[in-house]
Amino acid sequence: MFSSSVIEISKSALQKNLTLLRKILGKKVIISSVIKGNAYGHNIEAFVPIAEDCGQEHFSVYSADEALRVKSISSNGPSIMIMGAIDNDEIEWAIENDIEFFVFDFDRLDAAIKHSKKIKKPAKVHIEVETGMNRTGFDQDELELVLEKLKHNYEALSFEGLCTHYAGAESIANYLRVKDQIKNFSKTYKWFHAQGIVPKICHTACSAAAIRYPKTRMNMARIGIMQYGFWPSDETLINFLSKKEDKTDPLDRVITWKTKVMDTKEVSTGEFIGYGTTYLAHKKLKIATIPVGYAHGFSRSLSNTGRVLIHGKRVGVVGIVNMNLMTVDVTDIPETKKGDEVVLIGHQGDLSLSVASFSELSNQLNYELLTRLPNNIPRVITN
Ligand SMILES: *Cc1c(COP(=O)(O)O)cnc(C)c1O
């Protein structure tokens, strides 16, 4: 294969994660598969068909271009919801294709009304309200006008959902802020209800909120990172396991990123490895070069820090991660030779590696590293 590494996507892992999530959230809560950022690097075209095979019927994307990609690849006519960017001149396309979208300003709301009237088909809108994240969402003092517009354009606007997003539900440090957001959302919902304008569904939860704050599940949860088999934070995992007998991580990584050893070399005591002087061989070492670097999405910040799996053992990156390669210390696995399998993310033998397993690094790097995986690394679906 003309590629220095390959990404495997495991359908059975996805099925396992979704089964667990459905069990936790219950039958009444729709699970929307969040597939922004090229399905967190898994690749939309590879991911959507297997997610559909696993029973997913609702997908959340960030932007109109991603919605178009889902539309082109899906086969069961799933619901597609744009949570972020859509230009006003893409709205007509969205309405025509039953693509739902967040609305958090009057410019977009008015464009939705205009295009809907033009093609005589209602726009499926999700009204996003500000509850405390201070990013997007209608402010409290704008809601009166939102309500007026929904009321007077009921043929043009189908009020699909009322929604918001939490400012860091994966960390207990944000507990009070999230609790406030939950309260604010509830107030807003009750206000709409009292005015007789009711959304079809309410949705606010991401993975962390759905796990930590059951109240946030409402009618639908927008689940990203957990369906791929990663936890939003160690805290979320630890909290989850603290209530369980079985202390093993119940999620399975859907992704395995693999390559092969390109070369091996002995390095004498006192020599530096790679560019500059960041790694000094304190004893005689055996190193292996791996044909993956920051151009392939393996962050340069993992220099001297990252880990990979070889022969079922964890080995550390030594020296700087280069553009197209890196070196790892295989002194303790002397049998390592050219062509041996290297796992960058995922399972090898009994061990599994996520980016966050590099102890001092935060789970936030999972999101970042995954979404930076280049689209030209081949994706292979495995069972
Ligand atoms: C990314 C995103 C989610 C999913 O977050 P996870 O932590 O990956 O579950 C949910 N809602 C919105 C608005 C998002 O942008």
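Residues numbered from 1 in each chain as written. Predicted model: local features only at pLDDT ≥ 70, side-chain atom pairs only at ≥ 80, totals over all residues. Heavy atoms only, no water.

Go over helix H8 (residues 175-194), please, and point to the residues and values.
If you check H8, its first and last C-alpha atoms are 29 Å apart, about what 20 residues at 1.5 Å a residue would give, namely 28 Å. Where H8 is buried, its residues meet helix H7 (143-152), strand E7 (157-163) and strand E8 (201-205). Just downstream of H8, Gly196 is the residue with a positive phi angle, here 80°. (Helix = DSSP H or I, 4+ residues; strand = E, 2+ residues; numbered from the N terminus. Expected span 1.5 Å × (residues − 1). Contact = heavy atoms within 4.5 Å.)

Lay out the site of the ligand in plain terms, naming residues and giving numbers.
All residues adjacent to the ligand are Val34, Lys36, Tyr40, Met83, His165, Cys206, Ser207, Arg222, Ile223, Gly224, Ile225 and Tyr367. His165 has a polar side-chain atom sitting 3.4 Å from a nitrogen atom of the ligand. In this structure, Gly224 approaches the ligand through a main-chain N or O atom, which is 2.9 Å from an oxygen atom. The protein chains hide 91% of the 390 Å² of surface that the ligand would expose on its own. Broken down by secondary-structure element, the contributors of at least two residues to the shell around the ligand are helix H2 (36-40) and strand E9 (220-223). Split into classes, the residues belonging to the shell around the ligand amount to seven nonpolar, three polar and two charged. (Near = heavy atom within 4 Å. Polar contact = N/O pair within 3.5 Å; in protein donor to acceptor, adjacent residues only side chain to side chain. Areas by Shrake-Rupley, 256 points an atom, 1.4 Å probe, with all protein chains shown as cover. Nonpolar A, V, L, I, M, F, W, Y, C, P; charged D, E, K, R; others polar.)

Tell me about the packing of aromatic side chains, and please be specific about residues and values.
Within this structure, the stated rule accounts for nine aromatic pairs. Look at Tyr40 and Tyr367: their rings are 6.0 Å apart centre to centre, the planes differ by 45°, and that puts the pair in the tilted class. Highlighted residues: Tyr40 in helix H2 and Tyr367 in helix H11 (residues 364-371), separated in sequence by 327 residues. Residue Tyr40 is classed as buried on the basis of its relative accessible area of 5%. Summarising the aromatic geometry, the rings of Trp257 and Phe298 are spaced 6.3 Å apart at their centres and angled 45° between planes, so their arrangement reads as tilted. With Trp257 in strand E10 (residues 255-260) and Phe298 in the loop between strand E12 (285-290) and strand E13 (307-310), this residue pair connects regions lying 41 residues apart in the sequence. The class for Trp257 is buried, based on a relative accessible area of 0%. (Phe/Tyr/Trp six-rings, centres within 6.5 Å; stacked < 30°, edge-to-face > 60°. Buried < 20%, exposed > 50% of the residue type's maximum accessible area, 1.4 Å probe, protein only.)

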